[in-house]
Amino acid sequence: MLGFVNGKEQAAILGSIRGISNMANVLMEQLETQVVADWARIHSKDGKGGLDGAVARLNKIGIVLWLLGMVTILFFGQEIVSLFLGSLYVPYWKLLAIGWLAYGLYFIARVSGIKHRTIGANHVEFGGGVSGVVMALVSGLLFIPAFGLTGAAWSYVAIAAALLGVQIYQARKLSI
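Residues numbered from 1 in each chain as written. Predicted model: local features only at pLDDT ≥ 70, side-chain atom pairs only at ≥ 80, totals over all residues. Heavy atoms only, no water.

## Quick look at the packing of helix α3 (residues 25-85) against helix α4 (residues 94-118)
1) Next: Across the interface, α3 lies against α4 with an axial gap of 9 Å and an inter-helix angle of 180°. Taken together, the axis directions place α3 and α4 in an arrangement best described as roughly antiparallel.
2) Next: Of the residues that constitute the contact of α3 with α4, the class distribution is 26 nonpolar, eight polar and seven charged. (Axes fitted to C-alpha atoms, helices over the stretch in contact; angles between N-to-C directions. Helix = DSSP H or I, 4+ residues; strand = E, 2+ residues; numbered from the N terminus. Parallel < 35°, antiparallel > 145°, perpendicular 65-115°, else oblique. Nonpolar A, V, L, I, M, F, W, Y, C, P; charged D, E, K, R; others polar.)

## Some words on the packing of aromatic side chains
1) Next: In this structure the tally under the stated criterion is two aromatic pairs.
2) Next: Ring-pair connections join several aromatic residues into one group, and the members of that group are W100, Y103 and Y106.
3) Next: Here the basic side chain of R18 rests over the ring of Y156, its NZ or CZ set 3.7 Å away from the ring centre. (Phe/Tyr/Trp six-rings, centres within 6.5 Å; stacked < 30°, edge-to-face > 60°. Lys NZ or Arg CZ within 6 Å of the ring centre and 35° of its normal.)

## A short note on the pattern of salt bridges
1) Next: Taken as a whole and assessed by the stated rule, the structure comprises seven salt bridges.
2) Next: Residue R41 pairs with D38 through a salt bridge whose shortest N-O separation is 2.4 Å. On the criterion of helical spacing, the pair formed by R41 and D38 is a turn pair, its members being three residues apart in helix α3.
3) Next: We classify D38 as partly exposed; its relative accessible area is 24%.
4) Next: Among the salt bridges present, the one from R117 reaches E125, with a minimum N-O distance of 2.8 Å.
5) Next: Residue classification places R117 among the partly exposed positions, given a relative accessible area of 29%.
6) Next: Connected through shared salt-bridge partners, E29, E32, R110, R117 and E125 make up one network. (Salt bridge = Lys/Arg side-chain N within 4 Å of Asp/Glu carboxyl O. Buried < 20%, exposed > 50% of the residue type's maximum accessible area, 1.4 Å probe, protein only.)

Written out as structure tokens, the structure is:
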């Protein structure tokens, strides 16, 4: 949508800078493999209480790592962007911080989704996914024309917040 509204150059800038924060995806993929198997065993053996403890531990570890990443980005964001992409991209380094914020929310939403999938409440994760798609369209249509490149970056935050918000809402509504 950014490329259509503001041109391919801005889409390329956002994609390139977002690629730096996407390096965390290597760790995120472990959630779908190792964590799912571990949590299924924990849930089978220790029930919901054991699973809740495992989820809380992973969230704490993830949040600490995310905070370390955010502090690093806030202090050395320009240098990081310059190192990976070159000096032409340095004026856009704040997009890296916005992208990292989105990744933090996405991490928590992903952990929540896996937890609910593990206990058999797949509709919680599905509802979050649907809300993310809707938010992508709405935020893209609103944020990109109004704020351009920065608006597109904030759309990623809005999408992750929608995923998480709907999952929390559904889980509370069902008391799970």
